[in-house]
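# Structure assessment
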Amino acid sequence: MDDLNVTAEEHLTAARASAHGRSAHLVLQQPPLRQTVIALTAGTALDEHNAPPAASLLVLRGSVRLTAASGDAELPAGALHPIPQERHGLLALQDAVVLLTAVND
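Attention here is on the structure that accompanies the text. (Residues numbered from 1 in each chain as written. Predicted model: local features only at pLDDT ≥ 70, side-chain atom pairs only at ≥ 80, totals over all residues. Heavy atoms only, no water.)

### A few points about the sheet that holds strand β4 (residues 54–61)
Taken in spatial order, the five strands make up an open sheet running β1-β2-β9-β4-β7, and their pairing is antiparallel. Each edge of the sheet is formed by a strand with only one pairing partner; in this case those strands are β1 (22–30) and β7 (80–82). Neighbouring strand axes in the sheet, compared pairwise and without regard to direction, differ in orientation by 20° on average. The pairing of β4 with β7 spans three bridges and is classified as antiparallel. In the strand pairing of β7, Leu57 is matched with His81. (Pairing = 2+ DSSP bridges. Helix = DSSP H or I, 4+ residues; strand = E, 2+ residues; numbered from the N terminus. Axes fitted to C-alpha atoms, helices over the stretch in contact; angles between N-to-C directions.)

### Some words on unusual backbone geometry
Put simply, Pro31 and Pro32 share a cis peptide bond, and its omega is 10°. Relative to the helices and strands, Pro32 resides in the loop between β1 and β2 (33–40).

### Quick look at the pattern of salt bridges
By the definition in use, this model includes four salt bridges. When the shortest N-O distance is used, the salt bridge between Arg16 and Asp95 registers 2.8 Å. Of this pair, Arg16 sits in helix α1 (residues 4–17) while Asp95 sits in the loop between β8 (88–92) and β9 (96–103), and the two are 79 residues apart along the sequence. With relative accessibility at 25%, the residue Asp95 sits in the partly exposed group. Two residues, Arg65 and Glu74, come together in a salt bridge whose shortest N-O distance is 2.7 Å. Arg65 gets classed as partly exposed once you look at its relative accessible area, which sits at 23%. For Glu74, a relative accessible area of 53% puts it in the exposed group. (Salt bridge = Lys/Arg side-chain N within 4 Å of Asp/Glu carboxyl O. Buried < 20%, exposed > 50% of the residue type's maximum accessible area, 1.4 Å probe, protein only.)

Given below as structure tokens:
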């Protein structure tokens with residue numbers, strides 16, 4: 001079992017050392033459910049991509065902006081937010097770690 005605080009710190013350290021400013025780790029996979037820790041340094045973005053059938057984002061550290069055609073949402077640490085059922089992106093406003101929970105087909 002992963003300790004999310006330890007995993008978050010490890011991947012934030014890895015993201016800071018990465019030329020791309022990000023690091024990710026799949027912490028749980030029980031199809032169709034997947035949970036992934038994603039660490040991003042401030043200013044790093046995940047480009048627009050398609051949404052899975054159902055998903056949510058929990059901000060563990062820092063803050064992020066979830067971008068979508070239906071509107072952007074700025075999410076501070078502790079925020080839990082559904083992923084819209086449309087193309088979306090993610091931008092780290094500060095060094096950040098999120099837990100992405102997704103249900104895939």
